[in-house]
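Below are the chains, spelled out letter by letter.
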Amino acid sequence: MTSIWGIVNVTPDSFSDGGRHFAHDAAVAHGRRLLADGATVLDVGGESTRPGSEPVGAAEEIRRIEPVIRALAADGAVVSVDTYRAETARAAIAAGAAVVNDVAGGLADPALLEVVAEHGVDVALGHWRGPSADMYAHAAYDRIGREVAAELAARVDAARAAGIADARIVVDPGIGFAKRGPQNWALLRALDDVLELGHRVLVGTSRKRFLASAIGDDAALERRDLATAVTSVLAVQAGAWGVRVHDAASTRDALAVAREWQG
């Protein structure tokens, strides 16, 4: 069964939802709605990683997410914390998070991998080449699938060295991170290179800018969610273990239709 990660942005400046879930009650309600719509993991983040965004610091990040994680975990949800900071990861795990989703794969704060190992939680290692503020300065590739896979393999080695078991490692090719529009499509077409690492693969295309080449720059939210559902199904058919989405219901339904088609 595909793992559907529902995104809970506890931020005032998300690229996709304009801070609609920034308040604690709104974030918790959104998480519960995602669960009802088919999400199997709730990925809670307190800092935007959109291109050009600036960091908020661990104290503010923790202030935003800790009570949300505590409430959702108390409901019995499997909660992931979307952070690249060891301090935030430790606080989130104490609040009930069972997964750490690090878009930087341990590169931004190597101590994060030690925190994961210490607490025995799962970790998603993202492909990353630098902070959001200037990520596109590093968007140069010759064979993107092989290069991303090789850089992820190095992050897996770092996780193992920190004491994290292979069974707890997920890899994420980092769609949209240090990759321009056409490069994202090329990476999705080369997903086999990432799958060959032998770890669970998480793919996040949700509402991202590169989808505009298919559906247009002014696409409404519903159209972006439809495009996300299609790319999520294609990623799963290519071998992805999980998908990370803003709208769980459309992806749930698209995956169900694909399963019926395949019999």
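Everything below is about the structure printed above this text.
As the structure is a prediction and not an experimental result, all values here were calculated from the model. (Residues numbered from 1 in each chain as written. Predicted model: local features only at pLDDT ≥ 70, side-chain atom pairs only at ≥ 80, totals over all residues. Heavy atoms only, no water.)

Draft legend 1. Spatial organisation of the side chain of E61. Structurally, E61 can be placed in helix 2 (residues 58-74). Separated by 3.0 Å, the side chains of E61 and T83 make a polar contact. Excluding residues that lie within four positions of it along the chain, E61 makes contacts with G46, E47, V56, D82, T83, R85 and T88. (Helix = DSSP H or I, 4+ residues; strand = E, 2+ residues; numbered from the N terminus. Polar contact = N/O pair within 3.5 Å; in protein donor to acceptor, adjacent residues only side chain to side chain. Contact = heavy atoms within 4.5 Å.)

Draft legend 2. Spatial organisation of the sheet that holds strand 2 (residues 41-45). The parallel closed barrel is built from 8 strands, whose spatial order is 1-2-3-4-5-6-7-8. Put simply, the sheet's adjacent strands are angled 25° from each other on average, direction ignored. In this structure, strand 2 lies alongside strand 3 (residues 79-82), joined through 4 bridges in parallel fashion. Across the sheet, V44 pairs through a bridge with V81, a residue of strand 3. Each of strand 5 (122-126) and strand 6 (169-172) touches helix 5 (residues 144-162); the most contacted strand, strand 6, lies at about 155° to it. (Pairing = 2+ DSSP bridges. Axes fitted to C-alpha atoms, helices over the stretch in contact; angles between N-to-C directions.)

Draft legend 3. Quick look at empty space enclosed by the protein. Applying the stated criterion to the full structure yields 1 cavity of 30 Å³ or more. In this model, the largest cavity occupies a volume close to 30 Å³. Along the walls of the largest cavity sit E47, T49, E61, D82, T83, Y84 and V103, which together make up its complete lining. Along the lines of polarity and charge, the residues of the lining of the largest cavity split into 2 nonpolar, 2 polar and 3 charged. (1 Å grid on protein atoms, 1.4 Å probe; cavity = no way out; pocket = protein on both sides within 12 Å on 5 of 7 lines; lining within 4 Å. Points joined across faces, edges and corners; volume = space filled by probe spheres on them. Nonpolar A, V, L, I, M, F, W, Y, C, P; charged D, E, K, R; others polar.)

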